[in-house]
Amino acid sequence: MADSEWKALIEDVDGRGQLTEQRKRIIDRLVRERVEYEFLYPTVAEQGAIKEGPNGGDVFNFHWSALQKIKDQITKLEEQLKIPVERAAPAGAPKPAQTKADKFLERLGPH
């Protein structure tokens, strides 16, 4: 499962021409988290957030909390993989009006 997940993510990012060493590390961590989540989820979902304690009362299932933390980590890693899209000004867009500061900087010339 991890191998196919890793290859799919690498191909996706590489296909966009945005594969870097940093993104490879992010992909590696993301795949590890996703696989751990997939293996833990069935058990935790069956147990629920509250389970019967050793003395017969209801106790919080710490596996439920761990699964939520894994889910949060997956979300963060997925956000890190998103590549910001540079937005160009639309064609034919009017230039902003020049200010006195712009005119002053033009007179100074290139730095």
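What comes next is a walk through the structure. (Residues numbered from 1 in each chain as written. Predicted model: local features only at pLDDT ≥ 70, side-chain atom pairs only at ≥ 80, totals over all residues. Heavy atoms only, no water.)

The biggest cluster of nonpolar side chains holds 15 residues, and the ones touching the most others in it are Leu9, Ile27, Leu30, Val31, Tyr37, Ile74 and Leu81. Looking at this core, the elements with two or more residues in it are α1 (2-15), α2 (21-47) and α3 (62-81). Top contributing element to this core by residue count: α2, with seven residues. Contact partners of tyrosine 37, with chain neighbours within four places excluded, come to Leu67, Ile70, Lys71 and Ile74. (Core = buried A, V, L, I, M, F, W, Y, C linked by side-chain atoms within 4.5 Å. Buried < 20%, exposed > 50% of the residue type's maximum accessible area, 1.4 Å probe, protein only. Helix = DSSP H or I, 4+ residues; strand = E, 2+ residues; numbered from the N terminus. Contact = heavy atoms within 4.5 Å.)

Another aspect to go through is the packing of aromatic side chains. Evaluation of the coordinates by the stated rule reveals two aromatic pairs. Relative to tyrosine 41, the ring of tyrosine 37 has its centre 5.7 Å away and its plane inclined at 25 degrees; by these criteria the two rings are stacked. One end of the pair, tyrosine 37, and the other, tyrosine 41, are both in helix α2, four residues apart, so they sit about a helical turn from each other. Here tyrosine 41 falls in the partly exposed class, since its relative accessible area comes to 42%. With a centroid separation of 5.5 Å and 90 degrees between ring planes, the pair formed by phenylalanine 60 and phenylalanine 62 is classed as edge-to-face. (Phe/Tyr/Trp six-rings, centres within 6.5 Å; stacked < 30°, edge-to-face > 60°.)

As a further point, take α3. Compared with an ideal rise of 1.5 Å per residue, which puts 20 residues at 28 Å, α3 spans 29 Å between its outermost C-alpha atoms and is within 8% of the ideal. Restricting attention to buried positions, one finds in α3 the residues Leu67, Ile70, Ile74, Leu77 and Leu81. Buried residues of α3, viewed axially, fall in a sector of 80 degrees; they line one side. Away from the buried face of α3 by more than 90 degrees, exposed residues Phe62, Lys69 and Lys76 are located. Elements in contact with the buried residues of α3: α2. (Expected span 1.5 Å × (residues − 1). Arc of directions from axis to C-beta.)

All we've got here are geometric facts, nothing functional implied.
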